[in-house]
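Chains, contacts and geometry: an overview
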Amino acid sequence: MEEPGTREVEMSLSDEEIPPSLPADGGSIRKGCDPFAQTQRSKLQHRRARINQQINKEMRMRAGAENLFRATTNNKVKETVALELSFVNSNLQLLKEELEELNSNMEVYQTDSEAVNVPMIPLGLKETKDVDFTVPIQDLVCEHYGEDGSLYEQEIRELTELRQAMRTPSRNQAGLELLMEYYNQLYYLDQRFYSAHRNLGVHFHWYDSLTGVPSSQRALAFEKGSVLFNIAALYTQMGARQDRSAAAGIDAAIDAFQRAAGAFNYLKENFSNAPSLDMSGPSLGMLVRLMVAQVQECVFERLTLNTQDSGFGSQLGLAQEAARVSDVYLLVQQTMTQPLMRDYVPFSWASMVQVKSEHFRALSHYYAAVALCDHTASPEEEESEEEAEEAFLKFYINVPAGQPLGRVLQDPEKRRKLGKAHLRRAVIRHEEAMRVHSLCKILRKMDILQDVLSLAHKRSLHKYSVLDREDDFDETAEAPEIQSQTQQKPDVTQPNFSTVQVTDIFQRLGPLSVFCARARWGPVRVVCLQKRDGGLGLTLRGDSPVLVAGVVPGGCAEEAGLREGDYIVAVDQLDCKWSKHGDVVHMLKTCSDRGVEISVVTLHSHDTQDRRTVTLSHCSDKENTRHRLLGGAKGQSSASLLNWNRKKKRDGTGRKLGSTFSLSFGTIRDPEAMY
């Protein structure tokens, strides 16, 4: 299977900045939920994990049986294998149906409030297996960085604990920050241990959010994409649990669903050729539309809550807002019925979306009837008859034939008949919503949804019976379609990773500008310098690490083997990769009469034609376009599906951003001095 991929995207923190020091305890302050806590949500996640493992086992058995069926020429063996395949496929179907029921369990994520609101559709988190970073990281530290890998056991343990914690995030802001912390930390992991020609060799195993089908990739981008998917899924759970009986809860739900839509859209635009269907373009597009529809539903609920007056214009506004909600859910329904999505989306989701589309269309006709039959323009509402008529003229998509709408408003009997026509359509739509609801076993178990549909249906029936008269022998006219309109368009909010500042766990390896997986340098050399009357005979420049900008011909530095372009990594065995210029100078000046030992490395350029620059060509045209902001590039091979965009980024002045590894001696402006 090919490696999945993503395009270049900008993240949060620049690696040109020196990372802050590690926390005192050497680990993240954010922790995940107790995996053994017996909450409804944790029980659901445990059942999902168990089914995912069973599906993985059955699929391995099926793959083996299929290989045997193709390889054998014995008819008896073929019959036996065919029978076994039939049994395995039957088990897989049962497991997928069980998993679909779990994934469709929306009640677990709903609010505990007693308010009667239509339930929202949340997503469960993607499950993953444990990852052991120990041996791969230790081997690469030894091979690439020339250090003892066992000295980094604490850092490896911290990374492992952070990944383990992010598997069970709490359903609040702390859980989001935990996921974002790990997501941002993957940027440093990429810079330290992944390049165009090597990676850790660690396989990341993730299960499809809806089907449980496992996927395994070595690309770090697959890990990042899966974590980003869980960030979006957690937002959906946070939005679904809000108490939408109050304005504050509705606003919080709107914010959560907009951020979920932004995260799904970000994943869709920046990650391509994902190995699992839940992260494919069509699936993510469907999820974005679903989140936008749920935002629109919350906008309608807030408008209903804030509409204290029962004026003509207010009721028309509610009708148009409800029509807007119905339209966006109809768009989601159409997306779910596309060929690729039809067999993938849970039946309960498709049913819920259809129920909502019918339900809110019915509400739009109900509020139209209320506006026509119960309210007229009045001076108290500061609404003139002309304004009411102007609003009514824009209320329908197509103006019905017959008398002008202005005359309809002036005739109470015509208002009653048109209102009755709207109520008739409302009742029909309510009954269709209840019919679709009754066809889905999972939705039938949701008592609150049944209550919402039943109450709305009874309300419309009661209103219709009030308007109906015994002497109404004329056939009820068909109510025209209502023009949808909203007071607030949903905003797809892109994720802001800069809100969670992280520390490079492996910062002891040195500054990323030099000590990264994409750099190439020679082995560490130990140079012994003996101070003379003329000094040490070298020129130093820069900070973290300090660069040997020049050596005096015939001086002690040149005689000891020090060369221009060397980086000082230790003085008298004291690590100084992060040391400032002045600190290194002080250590050199205070050396004893016996001299000083300087450990240096030489950074080799990929471009041998320009000897004045120390730069990595691969980074400058492919990887480092994202070094301005944290969280980004994956150094995948050209054959990887997660190939990065090679477009150059530009700063605010329109200038191209060069590689952070470019240390052109002719342009460095750091102070330098001879020692």
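Residues numbered from 1 in each chain as written. Predicted model: local features only at pLDDT ≥ 70, side-chain atom pairs only at ≥ 80, totals over all residues. Heavy atoms only, no water.

**Topic: the pairing of strand β6 (residues 525-529)**
Side-chain alternation along β6 places Arg-525, Val-527 and Leu-529 on a buried face and Val-526 and Cys-528 on a face that remains uncovered. Bridge count between β6 and strand β11 (residues 596-604): five bridges; the pairing is antiparallel. By the bridge assignment, Cys-528 is partnered in β11 with Glu-597. (Buried < 20%, exposed > 50% of the residue type's maximum accessible area, 1.4 Å probe, protein only. Helix = DSSP H or I, 4+ residues; strand = E, 2+ residues; numbered from the N terminus. Pairing = 2+ DSSP bridges.)

**Examining unusual backbone geometry**
Looking along the chain, the bond that leaves Ser-544 and enters Pro-545 is cis, with omega of -5 degrees. Among the structural elements, Pro-545 can be located in the loop between β7 (538-541) and β8 (546-551). One non-glycine residue, Asn-273, lies in the positive phi region at around 55 degrees. On the secondary structure map, Asn-273 appears in the loop between β4 (271-272) and α8 (281-306). In this model, Gln-573 sits at a positive phi of 65 degrees, which is unusual for a non-glycine residue.

**So, the packing of helix α3 (residues 134-144) against helix α4 (residues 153-166)**
For the pair α3 and α4, interaxial distance at closest approach is 10 Å and the crossing angle is 140 degrees. In terms of axis orientation, α3 runs oblique to α4. Relative to α4, the crossing made by α3 is right-handed. Between α3 and α4, the residues in contact are Thr-134, Ile-137 and Gln-138 and Glu-153, Ile-156 and Leu-159, respectively. Across the contact of α3 with α4, the residue classes break down as three nonpolar, two polar and one charged. (Axes fitted to C-alpha atoms, helices over the stretch in contact; angles between N-to-C directions. Parallel < 35°, antiparallel > 145°, perpendicular 65-115°, else oblique. Left-handed = near helix turned anticlockwise from the far one by under 90°. Contact = heavy atoms within 4.5 Å. Nonpolar A, V, L, I, M, F, W, Y, C, P; charged D, E, K, R; others polar.)

**Here's the deal with the confidence of the model for the chain**
Across the chain, the average pLDDT comes to 78, with 75% of residues at 70 or higher. In the predicted structure, residues 1-26 sits below a pLDDT of 50 and forms 108 contacts with residues beyond four places in sequence or in another chain. (pLDDT = per-residue confidence, 0-100.)

**Observations concerning the pairing of strand β3 (residues 214-217)**
Every regular strand shows the same layout, with side chains that alternate between the two sheet faces. Burial along β3 is one-sided: the face carrying Ser-215 and Gln-217 is buried and the face carrying Pro-214 and Ser-216 is not. Strand direction decides the pairing type here: strand β2 (residues 204-207) and β3, joined by four bridges, are antiparallel. Pairing of His-205 across the sheet is with Ser-216, part of β3. The turn linking β2 back onto β3 is made up of six residues, and Gly-212 within it adopts a positive phi angle of 80 degrees.

**Looking at helix α18 (residues 581-589)**
Here α18 has its buried residues at His-581, Val-584, Val-585, Met-587 and Leu-588. What you see down the axis of α18 is that its buried residues fit within an arc of 160 degrees, all on one side. Turned more than 90 degrees away from the buried face of α18 sit His-586 and Lys-589, all of them exposed. Those residues of α18 hidden inside the fold are in contact with β7, β8, β9 (566-571), β10 (574-575) and β11. (Arc of directions from axis to C-beta.)

**Describing the pattern of salt bridges**
Oppositely charged side chains can form a pair if their charged atoms are brought close together. All chains considered together, the criterion is met by 23 salt bridges. Linking Arg-508 and Glu-155 is a salt bridge whose minimum nitrogen-to-oxygen distance equals 2.6 Å. Here Arg-508, found in the loop between α16 (447-467) and β5 (520-521), pairs with Glu-155, found in helix α4; they are 353 residues apart in sequence, far enough to count as distant. Exposure remark for Glu-155: the relative accessible area of 4% places this residue in the buried category. The shortest N-O distance in the salt bridge between Arg-361 and Asp-327 comes to 2.3 Å. (Salt bridge = Lys/Arg side-chain N within 4 Å of Asp/Glu carboxyl O.)

**What about the environment of Arg-435?**
Positionally, Arg-435 belongs in helix α14 (residues 412-439). With a relative accessible area of 41%, Arg-435 lands in the partly exposed category.

**As for the nonpolar core**
Formed by 135 residues in total, the largest nonpolar core has its most connected members in Phe-133, Ile-137, Phe-193 and Phe-506. In contact with Phe-506, other than residues within four places in its own chain, are Ile-137, Tyr-152, Glu-155, Ile-156, Leu-159, Leu-189, Arg-192 and Phe-193. Counting 21 residues, the second largest nonpolar core, distinct from the first, contains Val-527, Leu-536, Leu-562 and Val-571. (Core = buried A, V, L, I, M, F, W, Y, C linked by side-chain atoms within 4.5 Å.)

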